[in-house]
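Here are the chains, one letter per residue:
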Amino acid sequence: MKKISYSLMLLMALTFNLNLAHATTKDKPKTELTAEQRAELNRIISRVDEIKAMDKSNLSKEERKELRKELKEMKKKANALGGGVYLSVGAIIIIILLLILIL
């Protein structure tokens, strides 16, 4: 059992190169949204709520496609305005496995 756990830890260490010293030196200061950016974000949120409230059953295929395209563009804009840190499912699983192995 020890051999398996040591080989698994070695494999994970070689596979996932975490350069923590490099990550801590690139701290970006948090920036607040300007009034213009807040207004744009509020406009995007209200438009998304409006689209969610729509009855999409009577729309044509092209209209639904345009709505999806519009929602994707608004999501990109909102992510660019809001910023933030996102963790993928794979990263969360790796973190949990590391915690289990350490503890």
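In this text, all values refer to a predicted model and were calculated from it rather than measured experimentally.

In globular proteins that are soluble, nonpolar side chains generally tend to be buried together. The biggest cluster of nonpolar side chains holds five residues, and these are Ile44, Ile51, Leu59, Leu67 and Met74. If we skip the residues at most four places from it in the chain, leucine 67 touches Arg47, Ile51, Met54 and Leu59.

With that out of the way, let us pick up the environment of lysine 75. With respect to the helices and strands, the residue lysine 75 is situated in helix α4 (residues 61-82). The class of lysine 75 is exposed, set by a relative accessible area of 56%. Residues lysine 75 and isoleucine 45, 30 residues apart in the sequence, show an inter-C-alpha distance of 9.7 Å.

In this section: the environment of alanine 78. Looking at where alanine 78 falls in the secondary structure, it is placed in helix α4. With 38 residues separating them in the primary sequence, alanine 78 and glutamate 40 have C-alpha atoms 8.6 Å apart. Once residues lying within four places of it in the same chain are set aside, the contact partners of alanine 78 are Leu41 and Ile44.

This next bit is on the confidence of the model for the protein chain. Chain-level statistics for the protein chain give a pLDDT mean of 78 and a share of 76% at 70 or above. A low-confidence stretch, residues 20-25 (pLDDT under 50), is modelled with zero contacts involving residues beyond four sequence positions or located in other chains.

Here we come to a positive patch on the surface. A grouping of Lys61, Arg64, Lys65, Arg68, Lys69, Lys72 and Lys76 is seen on the molecular surface, where their side chains present a positively charged patch. Position of lysine 72 among the secondary structure elements: in helix α4.

Rules used throughout
- Residues numbered from 1 in each chain as written.
- Predicted model: local features only at pLDDT ≥ 70, side-chain atom pairs only at ≥ 80, totals over all residues.
- Heavy atoms only, no water.
- Core = buried A, V, L, I, M, F, W, Y, C linked by side-chain atoms within 4.5 Å.
- Buried < 20%, exposed > 50% of the residue type's maximum accessible area, 1.4 Å probe, protein only.
- Contact = heavy atoms within 4.5 Å.
- Helix = DSSP H or I, 4+ residues; strand = E, 2+ residues; numbered from the N terminus.
- pLDDT = per-residue confidence, 0-100.
- Patch = residues over 30% accessible without salt bridge, like charges linked within 9 Å, V, L, I, M, F, W, Y side chains within 5 Å.
- Areas by Shrake-Rupley, 256 points an atom, 1.4 Å probe, with all protein chains shown as cover.
- Salt bridge = Lys/Arg side-chain N within 4 Å of Asp/Glu carboxyl O.
- Lys, Arg positive; Asp, Glu negative; His and termini not counted.
- Charge placed at Lys NZ, Arg CZ, Asp CG, Glu CD.

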